[in-house]
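Examination of the molecular architecture
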Amino acid sequence: MGKPDTRRLDKAIQQATRKLDAVRNREMWPLDGRERRAVLGGLASGSYRVTRGNSTARAERKIETAWQSAETRLVAEIAALQAERVRVVNDAAKTKAAKKSSGWW
């Protein structure tokens, strides 16, 4: 029995990590539709309030909340993928140990 096949999970973890780094750098491409709409809506309302000479505190809070929710979502996704990878590796090790112990030698 060889090593467990974790390439798919490793690639997904790597991709999610890249997305998380992009969100921390405030890049728009990893955001889902809801988060993207929230950021763009906050930018639009903030720019409108700036031109009117009003405070932009609410719009800034809305934008920051959208970025934080995206970061939280990606951290949870990475944690779930890593837990799944650990489970796959442990199952493979358990199967290998059972196969060895049931053999003649």
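Nothing here was measured: the structure is a model prediction, and the numbers come from that model.

Digging into the overall build of the protein chain
What the protein chain contains, in helices and strands, is 3 helices and 0 strands. Starting at the N terminus and walking to the C terminus, you meet the elements of the protein chain as α-α-α. By the compact-globule yardstick of 13 Å for 105 residues, the protein chain is too spread out, its C-alpha radius of gyration being 22 Å. In the protein chain, which comprises 105 residues, the share counted as buried stands at 22%. Within the protein chain, residue pairs in contact and separated by at least 24 positions form 70% of the contacts whose partners lie at least 6 positions apart. A total accessible area of about 7800 Å² is found for the protein chain, and carbon and sulfur atoms account for 55% of it. For the protein chain, the centre of its 23 positive side-chain charges and the centre of its 12 negative side-chain charges are spaced 2 Å apart.

Regarding helix H3 (residues 57-101)
Its 45 residues place the ends of H3 65 Å apart at the C-alpha level, agreeing with the 66 Å of an ideal helix rising 1.5 Å per residue. Of all the positions in H3, only Ala59, Ile63, Ala66, Trp67, Ala70, Leu74, Ile78, Leu81 and Ala92 are classed as buried. In this structure, the buried side of H3 is in contact with helix H1 (7-24) and helix H2 (33-52).

Calculation notes
- Residues numbered from 1 in each chain as written.
- Predicted model: local features only at pLDDT ≥ 70, side-chain atom pairs only at ≥ 80, totals over all residues.
- Heavy atoms only, no water.
- Helix = DSSP H or I, 4+ residues; strand = E, 2+ residues; numbered from the N terminus.
- Rg over C-alpha atoms; globule rule 2.2 N^0.38 Å.
- Buried < 20%, exposed > 50% of the residue type's maximum accessible area, 1.4 Å probe, protein only.
- Contact = heavy atoms within 4.5 Å.
- Areas by Shrake-Rupley, 256 points an atom, 1.4 Å probe, with all protein chains shown as cover.
- Lys, Arg positive; Asp, Glu negative; His and termini not counted.
- Charge placed at Lys NZ, Arg CZ, Asp CG, Glu CD.
- Expected span 1.5 Å × (residues − 1).

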